[in-house]
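Take a look at the letters that make up each chain.
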Amino acid sequence: MTDHRLEYPATARNRDAILDVLRGVLPASGLVLEVASGSGEHVVHFARAFPGLTFQPSDPEDAALQSIAAWTQDSGLTNIKPPVMLDAASSHWPVTAAGAILCINMIHISPWDASEGLFHGAARLLSAGAPLYLYGPYRRADVVTAPSNEAFDESLKARNPEWGLRDLEAVTALARDNGFSGPAITEMPANNLSVAFRRM
């Protein structure tokens with residue numbers, strides 16, 4: 001029998017650090033939409049830690065959707081809904097409301113219109129005070145970018161010129177234009193950031 005589970009080493013390294021931040025970000029109950037769930041390893045880890053929440057994973061790639069379903073089945077958890085196909089850049093999302101949205105390591109590995117679509121969609125789905133949580137590497141105007149992140153940025157652009165580290169100031173402006181608060185920023189291991197916006 002084919003095992004469709006994908007494994008990303010970075011997930012095992014960052015999931016507990018992200019979980020620590022999420023304890024102060026996520027609501028006590030409700031639906032949490034994860035945009036760009038990738039392998040599904042994160043959503044299983046978070047769902048196990050937050051049994052009072054229901055998680056809706058999503059991804060635009062078939063291989064990822066199969067992996068998410070396989071990880072979910074393997075976990076035995078009942079608070080993870082079947083994964084849905086969702087392209088952040090699209091104006092049509094298969095979810096109409098959520099209590100929180102998570103998006104981990106997508107913004108720099110996608111065209112800018114995916115970031116625009118993410119905030120447009122989040123503005124439609126979230127009510128006042130609800131969080132949109134982002135995780136990944138960013139450039140910041142007042143902080144020297146780590147050499148490892150500079151190298152990562154170059155490798156991303158070599159794979160696709162539309163990819164690359166985003167300026168946090170540009171992401172914050174996009175958030176503001178879509179009715180979100182300024183970011184709550186948490187420094188994370190390996191020169192990454194947790195960035196949490198709240199719907200105004």
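Before any of the text, the structure's been laid out above.
Rules and cut-offs
Residues numbered from 1 in each chain as written. Predicted model: local features only at pLDDT ≥ 70, side-chain atom pairs only at ≥ 80, totals over all residues. Heavy atoms only, no water. Axes fitted to C-alpha atoms, helices over the stretch in contact; angles between N-to-C directions. Helix = DSSP H or I, 4+ residues; strand = E, 2+ residues; numbered from the N terminus. Left-handed = near helix turned anticlockwise from the far one by under 90°. Contact = heavy atoms within 4.5 Å. Buried < 20%, exposed > 50% of the residue type's maximum accessible area, 1.4 Å probe, protein only. 1 Å grid on protein atoms, 1.4 Å probe; cavity = no way out; pocket = protein on both sides within 12 Å on 5 of 7 lines; lining within 4 Å. Points joined across faces, edges and corners; volume = space filled by probe spheres on them. Nonpolar A, V, L, I, M, F, W, Y, C, P; charged D, E, K, R; others polar. Pairing = 2+ DSSP bridges. Right-handed = clockwise from strand over helix to strand, strands pointing away. Phe/Tyr/Trp six-rings, centres within 6.5 Å; stacked < 30°, edge-to-face > 60°. Lys NZ or Arg CZ within 6 Å of the ring centre and 35° of its normal.

*Asks:* Hey, could you go over the packing of helix α4 (residues 112-125) against helix α6 (residues 168-177) for me, with residue numbers and the actual values?
*Replies:* One way to put it is that α4 packs onto α6 with a least axis distance of 9 Å and a crossing angle of 35 degrees. Considering how the two elements wind past one another, α4 and α6 form a crossing that is right-handed. Of α6, the residues touching α4 (which contributes Trp112, Ser115, Glu116 and Phe119) are Ala170, Val171, Leu174 and Ala175.

*Asks:* So what's going on with the environment of Ser115? Which residues, and what values?
*Replies:* Here Ser115 is to be found in helix α4. We classify Ser115 as buried; its relative accessible area is 0%. Note: C-alpha distance between Ser115 and Ala36 (79 residues apart in sequence) is 11 Å. Not counting chain neighbours up to four residues away, the residues in contact with Ser115 comprise Met106, Ile107 and Leu174.

*Asks:* Account for the layout of surface pockets, naming residues and giving values.
*Replies:* If a probe the size of a water molecule is rolled over the atoms, the empty space left behind becomes visible. Empty space within the largest pocket amounts to approximately 1000 Å³. Considering the residues around the largest pocket, the lining is formed by 39 residues, among which Ile104, Asn105, Met106, His108 and Ile109 are closest to the centre. By residue number, the principal contributor to the lining of the largest pocket is helix α1 (residues 9-22), which donates 6 residues. When the residues that make up the lining of the largest pocket are grouped by side-chain class, the tally is 21 nonpolar, 12 polar and 6 charged.

*Asks:* Run through the pairing of strand β4 (residues 100-104), naming residues and quoting values.
*Replies:* Among the 5 residues that make up β4, 5 are buried, leaving the element largely enclosed by the rest of the structure. Across 4 bridges, strand β1 (residues 30-35) lies against β4 in parallel orientation. Within β4, the position partnered with Val32 by the bridge is Ala100. As paired strands, β4 and strand β5 (residues 131-136) are joined by 4 bridges and run parallel to one another. The residue of β5 that forms the bridge with Leu102 is Tyr133. Once you follow β4 into α4 and on to β5, the crossover reads as right-handed.

*Asks:* Outline the packing of aromatic side chains, listing residues and values.
*Replies:* In this structure the tally under the stated criterion is 2 aromatic pairs. On the numbers, 5.8 Å between centres and 80 degrees between planes, the contact of Phe119 with Phe180 is edge-to-face. Residue Phe119 is located in helix α4, and its partner Phe180 is located in the loop between α6 and β8 (184-188); the two are separated by 61 residues in the primary sequence. In this structure, Phe119 and Phe180 share a single accessibility class: buried. A ring pair is formed by Phe119 and Phe197, whose centres lie 5.5 Å apart and whose planes are at 80 degrees; its orientation type is edge-to-face. Taken together, the residues Phe119 in helix α4 and Phe197 in strand β9 (residues 192-198) connect sequence positions 78 residues apart. Residues Phe119 and Phe197 agree in their burial class; the two are buried. Taken together, the ring pairs in this structure connect Phe119, Phe180 and Phe197 into an aromatic cluster. The ring centre of Phe180 lies 5.7 Å from the NZ or CZ of Arg199, which sits over that ring.

*Asks:* I'd like a rundown of the side chain of Ser194, residues and numbers included.
*Replies:* Note that Ser194 resides in strand β9. Ser194 has contacts with Val21, Tyr133, Leu134, Tyr135, Ala184, Ile185, Thr186 and Met188, leaving out every residue within four places of it along the chain.

*Asks:* Residue-level account of helix α2 (residues 41-49), with values.
*Replies:* Counting buried positions along α2 gives 7 out of 9 residues, so the element sits mostly inside the fold. Taken together, the buried positions of α2 are Glu41, His42, Val43, Val44, His45, Phe46 and Ala47. Next to the buried residues of α2 lie α1, β1, β2 (53-59), α3 (62-75) and β4.

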